[in-house]
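Summary of the model geometry
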Amino acid sequence: MYSDPESGLKGIIAIHDTTLGPSCGGTRMWPYATEQEALTDALNLSRAMTYKSAAAGLHLGGGKGVIIGDPRTDKTEALLRAWGRFVDTLGGRYLTTTDVGTTGRDLEAVRQETQHVLGLDVTLGGSGDTSVMTGLGIYMGMKACASDVWGADDLRGRTVAMQGFGKVATHTAEHLIEEDVRIIATDINEMALDRARQMGVKVVGPDEIYDIDCDIFAPCALGGVINTQTIDRLRCSIVAGGANNQLATAEDGEELHRRGIVYAPDFLINAGGVINASAEIGQPYNPDRSRQQTERIYEQMSAVLTTSRKQEISTARAADILAESRLDSVRRMRRIWRG
């Protein structure tokens, strides 16, 4: 935990695991009500990043950074540079990039104070906007689930309800629209809703989205939205979206399984962003390599669905097993990334 009174920075970096390599995760800026709320978010998100990188076959561990503040009013160059100095104190054990509330332009300020930054604009030698590949990965995950549920991965004519219409959801929607999918979306940000309308997406209120009769429910905002209160309201066959930590508890994943709703584990299908960022580590960024690896999410999701069916366990548990088996195998050799 770090504070810098001069810039107004109050932030947290959580490192969950460095078995496979340096921890990696975006910097989230959000107006948390309390420090405890921010800490809980950082810890949960860092764990998700460990599993995300492990399942994607990356040589990265899990970490996350959070800045307590409103990105619309509290963000300054001084604050971002102070954050960069904080990141730098960890000597490369934590690599940061963008997340909710931060942008590629913000990373340029952070980069002035530390080299441990991924996702800078391609004109600056980085891998660029992580949301592009994240959106592609979610789309591939949806198609894998469709193949399992309906016997074909063609989404033409299906309805997707998107909770949240930020950058990732927008890129996911672009792929869905190309396949003539009907999209219904909500967001608390009026600019996001305007963008959705311009794309031909039907817009509903934030609470209405749970009751939409749809084929796929896509959580694409903050976590914990799949819980005991909302599961009863879902009218879908598949839950697949870009939000991290969608399940409020592990039991919620089991409940989806009992009800016959196929859940695409979030850390598995939203890994496109970290895959894209990893493509610039130690080598010039190659967009073709990034896209090719992101498209493999289809195969990984299919493998999880097969394991779930054969072992009669939830897809949430099957995905955990996929990640944990890789972590356990490498952990026998080393536990801490030393640089």
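Above this note sits the structure.
Per-chain numbering applies: the sequence of each chain, read as written, is numbered from 1 onward. A pLDDT threshold of at least 70 governs which residues receive local features in this predicted model, and a stricter bar of 80 or more applies before side-chain atom pairs are shown or counted, although totals over entire chains, interfaces and linings include all residues. Calculation of side-chain values draws on the structure's entire complement of heavy atoms; hydrogens and water are dropped beforehand.

Some details on the overall build of the protein chain
Selection rule: Only DSSP runs of H or I covering at least 4 residues are called helices, and only runs of E covering at least 2 are called strands; the numbering of each starts at the N terminus. For a compact globule the rule gives 2.2 Å times the number of residues to the power 0.38, and the radius of gyration it is set against comes from C-alpha atoms. Buried means the residue's accessible area, taken with a 1.4 Å probe over protein chains only, is under 20% of the maximum for its type, while exposed means over 50%, and partly exposed covers the values in between. The contact rule is simple, with two residues in contact once any of their heavy atoms fall within 4.5 Å. Under the convention used here, a 1.4 Å probe and the Shrake-Rupley method define accessible areas, while residue burial counts only the protein chains that appear. Two residue types count as positive, namely Lys and Arg, and two as negative, namely Asp and Glu; His and chain ends fall outside the count. Lys charges are placed at NZ, Arg charges at CZ, Asp charges at CG and Glu charges at CD.
Regarding its fold elements, the protein chain presents 13 helices and 11 strands. Whereas a compact globule of 339 residues would reach a radius of gyration of roughly 20 Å, the protein chain reaches 19 Å, a difference of no more than 12%. Looking at the protein chain as a whole, 55% of its 339 residues qualify as buried. Taking the contacts inside the protein chain whose residues are at least 6 apart along the sequence as the reference set, 67% of them involve residues at least 24 apart. Accessible surface, the protein chain as shown: approximately 14800 Å² in total, 48% of it carbon and sulfur. Of the charged side chains in the protein chain, 36 are positive and 45 negative; the average position of the first set lies 5 Å away from that of the second.

Some details on empty space enclosed by the protein
So the rule is basically this: Cavities and pockets are found on a 1 Å grid laid over the protein atoms alone: a cavity is a set of points where a 1.4 Å probe fits but cannot escape, a pocket is an open set with protein on both sides within 12 Å along at least five of seven lines, and a lining residue has an atom within 4 Å of such a point. Grid points are joined across faces, edges and corners, and a volume is the space filled by probe spheres set on the points. Under the scheme applied here, ten amino acids are nonpolar (Ala, Val, Leu, Ile, Met, Phe, Trp, Tyr, Cys and Pro), four are charged (Asp, Glu, Lys and Arg), and all others, including Gly, are polar.
All chains considered together, the criterion is met by one cavity of 30 Å³ or more. If you add up the space inside the largest cavity, you get close to 40 Å³. Along the walls of the largest cavity sit T27, L80, W83, T96, T97, T102, D106, L107 and V110, which together make up its complete lining. Looking at the lining of the largest cavity, the elements with two or more residues in it are α2 (77–88), β5 (94–98) and α3 (104–111). Element by element, the count of residues in the lining of the largest cavity is highest for α3, at three residues. Looking at the lining of the largest cavity residue by residue, the classes come out as four nonpolar, four polar and one charged.

Details of unusual backbone geometry
Phi at N245 is positive, roughly 50 degrees, even though this residue is not glycine. Of note, N245 is situated in the loop between β10 (238–239) and α8 (250–258). On the basis of relative accessible area, N245 is assigned to the partly exposed category, the value being 23%. Even without being a glycine, E312 presents a positive backbone phi close to 55 degrees. Within the fold, E312 resides in the loop between α12 (297–311) and α13 (315–331).

Things to note about the packing of α12 against α13
To be explicit about the condition: Convention adopted: a line fitted to C-alpha atoms gives each axis, helices being fitted over their contacting stretch, and angles between N-to-C directions are expressed from 0 to 180 degrees. To sort the angles, those under 35 degrees are grouped as roughly parallel, those over 145 as roughly antiparallel, those from 65 to 115 as roughly perpendicular, and the leftovers as oblique. Take the far helix as the reference: if the near one is turned anticlockwise from it by less than a right angle, the crossing is left-handed, and if turned clockwise, right-handed.
Running from N to C, α12 and α13 point in directions that differ by 115 degrees, and their axes come no closer than 8 Å. It follows from the interaxial angle that α12 and α13 lie roughly perpendicular. Once α12 is placed against α13, the crossing between them reads as right-handed. Along the contact surface, α12 presents V304, L305, T307, S308 and Q311, while α13 presents T315, A318, A319, I321 and L322. Here the residues of the contact of α12 with α13 sort into six nonpolar, four polar and no charged.

Comments concerning the packing of aromatic side chains
Using the following cut-off: Aromatic pairing here means that ring centres of Phe, Tyr or Trp (its six-membered ring) are within 6.5 Å. Orientation follows from the plane angle: under 30 degrees is stacked, over 60 is edge-to-face, and everything else is tilted. Distance and angle both matter: a charge sits over a ring if NZ of Lys or CZ of Arg is within 6 Å of the ring centre and within 35 degrees of the ring normal.
Scanning the model with the defined rule gives four aromatic pairs in all. With a centroid separation of 5.6 Å and 70 degrees between ring planes, the pair formed by Y51 and F267 is classed as edge-to-face. With a gap of 216 residues between them, Y51 in helix α1 (residues 35–55) and F267 in helix α9 (residues 266–269) connect regions that are remote in the sequence. When sorted by exposure, Y51 lands in the same class as F267, which is buried. Here a set of aromatic residues connected by ring pairs shows up, and it is made of Y2, W83 and F86. The ring of Y51 has R47 sitting right over it, with the charged end atom 4.2 Å from the ring centre. Residue placement shows R158 over the ring face of W150; its charged tip is 3.8 Å from the ring centre.

Observations concerning the environment of E280
This is how the line gets drawn: Residues adjacent in sequence count toward polar contacts only when both atoms are side-chain atoms; beyond that, a polar contact is any pair of N or O atoms within 3.5 Å, and within protein one must be able to donate a hydrogen and the other to accept it.
Looking at the secondary structure, you find E280 in the loop between α10 (272–278) and α11 (287–295). Along the sequence, E280 and G151 sit 129 residues apart, while their C-alpha atoms lie 37 Å from each other. E280 has contacts with V117, L118, G119, L120, G126, S127 and Y285, leaving out every residue within four places of it along the chain. Here the side chain of E280 touches G119 through a polar contact of 2.9 Å, landing on its backbone nitrogen.

Describing the sheet that holds β5
Inclusion rule: For two strands to count as paired, DSSP must find a minimum of two bridges between them.
Spatial strand order, β1-β2-β4-β3-β5: five strands in an open sheet with mixed pairing. The open sheet has two edge strands, β1 (2–4) and β5, and neither has a second partner. Each strand axis lies, on average, 25 degrees off the axis of its neighbour in the sheet, ignoring direction. Where β1 meets strand β2 (residues 9–17), three bridges bridge the pair, whose relative direction is antiparallel.

With respect to the pairing of strand β3 (residues 23–30)
Every other side chain in a regular strand lies on the same face of the sheet, so the side chains alternate between the two faces. Keep this limit in mind: By convention a crossover is right-handed if, when the strands point away from the viewer, the path from the first strand over the helix to the second runs clockwise.
Judged by how many residues are buried, β3 sits mostly within the fold: seven of eight residues are covered. In this structure, β3 lies alongside strand β4 (residues 61–68), joined through six bridges in parallel fashion. Looking across to β4, one finds that S23 is bridged to G61. For the crossover that starts at β3, traverses α1 and ends in the parallel β4, the hand is right-handed. Both β3 and β5 contribute to a ladder of five bridges, which runs parallel. Within the sheet, the bridge partner assigned to S23 lies in β5 and is Y94.

Such coordinate-based values are descriptive only and should not be taken to indicate function.
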